[in-house]
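# Commentary on secondary and tertiary structure
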Amino acid sequence: MATGLALILDKKDYDRSDILAMLQCSEEEAPLLYRCAAAVRDRYLGNSIFLRGLIEYSNICGKNCLYCGIRRSNDKIERYTLTNEEVIEAALTAHRLKFGSIAIQAGENWSNAFIDNMEELIRTINKLTNGQLGITLSLGEQSRETYQRWFDAGAHRYLLRIEAASEALYRRVHPEDQMHRYHRRIECLRIIQETGYQTGSGVMIGLPFQTMNHLADDIIFMRDFDVDMCGMGPFIEHSDTPLGANGAANLFLKERFNLTLRMIAILRIIMKDINIVASTAMQTIDPSGREKAISSGANVVMPNLTPAKYRPGYQIYQGKPGYREVTAENISGLNLDLIPGTTLGLGVWGDTPHYSRRTAGN
Ligand code: SF4
């Protein structure tokens, strides 16, 4: 007879108490949770792991999130913006290596020059790759008009992490000012969805003041918002930030790592056909972190294609890896021996059936 976790996994629908029970299952039970999530992924999406070549376009940011190493007030880092030639070169490398998609990420910049240039870059990359390279953007909160312009230029996915679905927790990890408003963030996510993007969000796991109830609410937020993709990672302190200044909480990295595996697995079990990222932050804590995330239901990795000389400038958290160049021999950087039964989905965008289903109203 099935007991404990096995009984919950047998259900068709999961309520808040089920999510909490899965989050708090014993160490002995956790492998069952992970296996179940990986089987759900294989059943609904197949066994392909999709690649998004990450281009960290600029570390200039107008915001001041209390956890982030490139926050506006950190004057210890050198600010950079890639040239258009460097962005295009990285995109063409992704195309040549059959990544299928790129993700362009930067701090928040609302200047006309930034917005115009990004629109131009998206059009150019589309033209040079005959529309074969999928383009994901992660450029923060923007106006409806800007989201629309970038969408019309050819970007089709947008990632805006809510970071903490609880408004109270969100406010504890952001400055209390007009620039860091929880409701504005939610509004932006809605606009992104309405514009027609495949819409992604995500949270940090192990934030100060965060409880298991907050994490359960994060899962419920993703479900109720009906995200198409999700990037979740463990919170890792950066010593040049208000939340990382004492560094002491880094003692709990292993716990945050394990909780992140559980969050990935639970989200996969509940949202069966969305894209879930195996984040680089997992690899920071454990060299096999991304492979373990894949074994827990994730299906996307984001190898870094930013020119190496800029990467030290994009330390949003401390110890972020990625100085290793992507090579033609191993474009994902994954140790595929650790994730038998999976294969790289090359040369395809790697879209989710969830998006087609959601937009068709099913
Ligand atoms: S988390 Fe994003 S918006 Fe906040 S400071 Fe960092 S780059 Fe800027």
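The text that follows walks through the structure, step by step, so that each part is easy to find.

The next point concerns the overall build of the protein. Tallying secondary structure elements over the protein gives 13 helices and 11 strands in all. What you see for the protein is a C-alpha radius of gyration of 19 Å, in line with the 21 Å of a compact globule of 362 residues. For the C-alpha atoms alone, the extent of the protein along its principal axes is close to 60 × 45 × 40 Å. When the 362 residues of the protein are sorted by exposure, 57% land in the buried category. Residue pairs in contact within the protein that sit at least 24 positions apart in sequence constitute 76% of those at least 6 positions apart. On the protein, roughly 15,000 Å² of surface is accessible, and the fraction owed to carbon and sulfur atoms is 53%. Charge separation in the protein, taken as the distance between the mean sites of 40 positive and 42 negative side-chain charges, equals 1 Å.

Turning our eyes to something else, we now look at unusual backbone geometry. If you check the backbone angles, E163 has positive phi at about 70 degrees while not being a glycine. Inspection of the secondary structure puts E163 in the loop between β5 (157-159) and α7 (167-172). For D226, which is not a glycine, the phi torsion comes out positive at approximately 65 degrees. You can see D226 is positioned in the loop between α9 (212-225) and β8 (229-234).

Before going further, it helps to spend a moment on the site of the ligand. The immediate surroundings of the ligand are formed by C61, K63, C65, Y67, C68, I70, R71 and G107. When its residues are assigned to classes, the shell around the ligand shows 5 nonpolar, 1 polar and 2 charged.

Here we take up the nonpolar core. The biggest cluster of nonpolar side chains holds 105 residues, and the ones touching the most others in it are L33, M118, L137 and W150. Sorting elements by how many residues they give to this core places helix α10 (residues 253-270) first, with 10 residues.

Let us now look at helix α6 (residues 144-153). Regarding α6, the residues found buried are T146, Y147, W150 and A153. The arc enclosing the buried residues of α6, seen along the axis, measures out at 130 degrees, which places them on a common side. Those residues of α6 that are exposed and aimed more than 90 degrees away from the buried face are E145 and D152. As for α6, its buried residues are in contact with α5 (112-128), β4 (134-138), β5 and α8 (182-195). G154 occupies a position one or two residues after α6 and carries a positive phi of about 130 degrees.

Calculation notes
- Residues numbered from 1 in each chain as written.
- Predicted model: local features only at pLDDT ≥ 70, side-chain atom pairs only at ≥ 80, totals over all residues.
- Heavy atoms only, no water.
- Helix = DSSP H or I, 4+ residues; strand = E, 2+ residues; numbered from the N terminus.
- Rg over C-alpha atoms; globule rule 2.2 N^0.38 Å.
- Buried < 20%, exposed > 50% of the residue type's maximum accessible area, 1.4 Å probe, protein only.
- Contact = heavy atoms within 4.5 Å.
- Areas by Shrake-Rupley, 256 points an atom, 1.4 Å probe, with all protein chains shown as cover.
- Lys, Arg positive; Asp, Glu negative; His and termini not counted.
- Charge placed at Lys NZ, Arg CZ, Asp CG, Glu CD.
- Near = heavy atom within 4 Å.
- Nonpolar A, V, L, I, M, F, W, Y, C, P; charged D, E, K, R; others polar.
- Core = buried A, V, L, I, M, F, W, Y, C linked by side-chain atoms within 4.5 Å.
- Arc of directions from axis to C-beta.

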